[in-house]
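As a plain string of letters, each chain reads:
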Amino acid sequence: MAKSSSMQNYSVDLPIFEGPLDLLLFLIKKDELNIYDIPISKITKDFLAYLEVIKELRLTSAGDFVLMAATLMKIKARMLLPQSPQEGEEIDDPRNELVNMLLEYRRFKEAAEHLGDREHTQNRMYYRIPAGSEGEFEVGAADLLADVKLYDIMLTFQYLLQNYEAPYSHEVVLEEVSTTEQGAYLKMLLGQKEELWFSQIIQELGSRLVVIVTFLSILELIRNREILMEQNELFSDLRIRRGERFGKA
Amino acid sequence: MEKHELMRITEALLIATPEPLTEARFLQCLDDGSRSEISLAALIEALNLEYKSSQRAFKIFNVANGYQLVTLSEYETYVKRLYTKSSRLRLSQAALETLAIITYRQPISRIDIEAIRGVSSDSPLRTLLERRLIEIRGRDDGPGRALLYRTTTDFLQYFGLNTLQDLPKLREAQELIQDEDENLV
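Our subject in this report is the structure included herewith. Computed from a prediction, not measured in an experiment: that's the story for all the values here.

Moving on, we get to the sheet that holds strand E4 (residues 134-139) of chain B. All names here are of chain B. Pairing in this open sheet of three strands is antiparallel, and the strands run E3-E5-E4 from one edge to the other. A strand with exactly one partner marks an edge of an open sheet, and here the two such strands are strand E3 (108-109) and E4. Here four bridges tie E4 to strand E5 (residues 147-151), and the two strands are oriented antiparallel to one another. Residue Ile134 lies in a different strand from E5, and its bridge partner there is Thr151. Sheet strands touched by helix H7 (residues 122-130): E4 and E5. Its angle to E4, the strand with the most contacts, is close to 105°.

Attention now goes to the pattern of salt bridges. Residue and element names in this part refer to chain A. Taken as a whole, this structure holds 24 salt bridges over all chains when the rule is applied. Its salt-bridge partner being Asp31, residue Lys30 comes within 3.7 Å of it at the nearest N-O pair. For Lys30, a relative accessible area of 47% translates into the label partly exposed. Taking the relative accessible area as the measure of exposure, Asp31 reaches 27% and is therefore partly exposed. With a shortest N-O distance of 3.1 Å, Glu104 and Arg107 are connected by a salt bridge. You can see Glu104 and its partner Arg107 sitting in helix H5 (residues 96-122), three residues apart, about one turn around the helix.

Now for the interface of chain A and chain B. In this assembly, 42 residues from chain A lie in contact with 60 residues from chain B. Interface area, chain A with chain B, both sides summed: about 4900 Å², of which 56% is carbon and sulfur. Where chain A packs against chain B, one counts four salt bridges. Between Arg90 of chain B and Glu119 of chain A there is a salt bridge, with its nearest N and O atoms 3.5 Å apart. Counting across the chain A and chain B interface gives 12 residue pairs in polar contact (both at pLDDT 80 or more). Elements supplying a minimum of two residues to the side of chain A that touches chain B: helix H2 (20-30), H5 and helix H7 (150-162) of chain A. In terms of residue class, the side of chain A that touches chain B is built from 18 nonpolar, eight polar and 16 charged.

Moving on, we come to the packing of helix H8 (residues 179-192) of chain A against helix H10 (residues 208-223) of chain A. Packed helices, taken two at a time, are described by their axes: the angle between them and the distance between them. Residues and elements named next belong to chain A. For the pair H8 and H10, the least separation of the axes is 8 Å and the interaxial angle reads 70°. By the angle between their directions, the pair H8 and H10 is classed as roughly perpendicular. Within the contact between the two elements, H8 uses Thr179, Gln182, Gly183, Leu186 and Lys187 and H10 uses Val210, Val213, Thr214, Leu216, Ser217, Ile218 and Leu221. Within the contact of H8 with H10, the residues separate by chemical class into six nonpolar, five polar and one charged.

Considering the arrangement of structural elements, one finds Gly160 of chain B in the loop between helix H8 (153-158) and helix H9 (173-184). A relative accessible area of 8% places Gly160 of chain B in the buried class. What Gly160 of chain B contacts, discounting residues up to four positions off in sequence, is Arg118, Gln122 and Tyr127 of chain A together with Phe61 and Val63 of chain B.

A cis amide bond links Gln106 of chain B to the next residue, Pro107 of chain B, at an omega of -10°. Positionally, Pro107 of chain B belongs in the loop between helix H5 (93-105) and E3. In this structure, Glu32 of chain A is a non-glycine residue whose phi angle is positive, near 50°. With respect to the element layout, Glu32 of chain A can be found in the loop between H2 and helix H3 (40-57). Looking at Glu32 of chain A, the relative accessible area reads 55%, which means it is exposed. Of note, Arg132 of chain B is a non-glycine position whose phi angle comes to about 60°, a positive value. In this fold, Arg132 of chain B is placed in the loop between H7 and E4.

So, about the sheet that holds strand E1 (residues 195-197) of chain A. Residue and element names in this part refer to chain A. Sheet architecture is open: three strands sit in the order E1-E3-E2, paired in antiparallel fashion. With partners counted over all chains shown, the strands left at the sheet margins are E1 and strand E2 (227-231), one partner each. Neighbour to neighbour, the strand axes of the sheet diverge by 25° on average, direction disregarded. Where E2 meets strand E3 (residues 238-242), five bridges bridge the pair, whose relative direction is antiparallel. Note on E3: the bridge partner recorded for Met229 is Ile240.

Let's shift gears to the packing of aromatic side chains. Residue and element names in this part refer to chain B. Summed over the entire model, instances satisfying the criterion amount to six aromatic pairs over all chains. On the numbers, 5.0 Å between centres and 85° between planes, the contact of Tyr158 with Phe159 is edge-to-face. Linked through ring pairs, Phe155, Tyr158 and Phe159 together constitute an aromatic cluster.

Moving on: the nonpolar core. Proteins that are soluble and globular tend to have nonpolar side chains buried together. Of all hydrophobic cores here, the largest spans 33 residues; its most connected members are Leu91, Leu99, Phe155 and Phe159 of chain B. For this core, the secondary structure elements donating two or more residues are H5 of chain A together with strand E1 (58-63), H5, helix H6 (110-117), H7 and H8 of chain B. When residues of this core are assigned to their parent elements, the largest contribution, six residues, is made by H5 of chain B. Discounting chain neighbours no more than four positions away, the residues touching Leu99 of chain B are Leu115 of chain A together with Leu91, Leu128, Leu133, Ile134, Thr151, Phe155 and Phe159 of chain B. One finds Ile35, Met68, Ala69 and Leu102 of chain A within the second-largest nonpolar core, a separate group that totals 27 residues.

How each quantity is defined
Residues numbered from 1 in each chain as written. Chains lettered and ligands numbered in written order. Predicted model: local features only at pLDDT ≥ 70, side-chain atom pairs only at ≥ 80, totals over all residues. Heavy atoms only, no water. Pairing = 2+ DSSP bridges. Helix = DSSP H or I, 4+ residues; strand = E, 2+ residues; numbered from the N terminus. Contact = heavy atoms within 4.5 Å. Axes fitted to C-alpha atoms, helices over the stretch in contact; angles between N-to-C directions. Salt bridge = Lys/Arg side-chain N within 4 Å of Asp/Glu carboxyl O. Buried < 20%, exposed > 50% of the residue type's maximum accessible area, 1.4 Å probe, protein only. Buried area = accessible area lost by both parts, 1.4 Å probe. Polar contact = N/O pair within 3.5 Å; in protein donor to acceptor, adjacent residues only side chain to side chain. Nonpolar A, V, L, I, M, F, W, Y, C, P; charged D, E, K, R; others polar. Parallel < 35°, antiparallel > 145°, perpendicular 65-115°, else oblique. Phe/Tyr/Trp six-rings, centres within 6.5 Å; stacked < 30°, edge-to-face > 60°. Core = buried A, V, L, I, M, F, W, Y, C linked by side-chain atoms within 4.5 Å.

Here it is as structure tokens:
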């Protein structure tokens, strides 16, 4: 997991083309081709030449370009085959699907340009941000909870886990830990205290595995509304409190 | 209450509000029965005229269904030095494309976005989530129950939009082709 993400960091994105469709649109525009009547063998040739560069650069999106190259060659092959339409049926142009994809993509590319222009204009104006609105306010628990999204919780968990160092130990022991057990442990702690902080809980746990199992048990308890989890801002500590069904489940 | 007094109240609320001030919120804050006389929009207009004639460096902007104070773009050079570089990073082309698709097709899954872009869109989606321009809103009913994405209020604010309807309609494919043909002639 860690390996693959560090691999991705080395890859680059070509500045001009966002993907195979973008490249095709470029090739069409460059040679002033009719999008409804694309000379498929010419465009396949151009595309393949470009594909070599992409492979060379080891782009993350190389796979998508290879897939498009295969699609182009398939279309090319189908166009060489004689078609025998049933009576009254129109001849189905093998390029149709691709043309529709290109047109659809171009609509959104244009919309993206419009958003980019707006961003540019808007970035030159600064909104008034009252002091303290960045989470330093004394706010009610309900306000805090309102803005915590599952995505934030997952990010924070990932972050805390990265910074978590398991106590160094030589012993190899079989760890027996279950979400039920950790859930019961959490509820026991919450029975004694009004609130718990996630960073404190994990400090008292023996290993990464136990931390993960404990986190899973927290998610389970949230789902059952036995506990609540709150957060001030992204990556900040997670506060755990009793939920509406605490001790009732 | 006099108009002048209402304008000053509006101004105070705008200085203090952390998010766009909506008409509903404005009325809640008044809470003294004087609400129906002058609309918030009229007060804002009067304030903006006042700011303009006295040459203030800010104005009130209609955004995300409410109103907020913004500095005039003429002063960008100075104001931006207040901020660290990263806070004003512009979105990449990939992020803008992904966002455009979500904007017009929301709620939409990653698979459907990728089908339109023809390229993997994990990383732009992550950027957009982190910058809170989009959020996860439920799951698809289809097989796989894919996560669905939609734009946020921060999105409206970021692009200076009052509602999504302020954006131009997606052009029909036919219009695009005609444009192209005209450009070639």
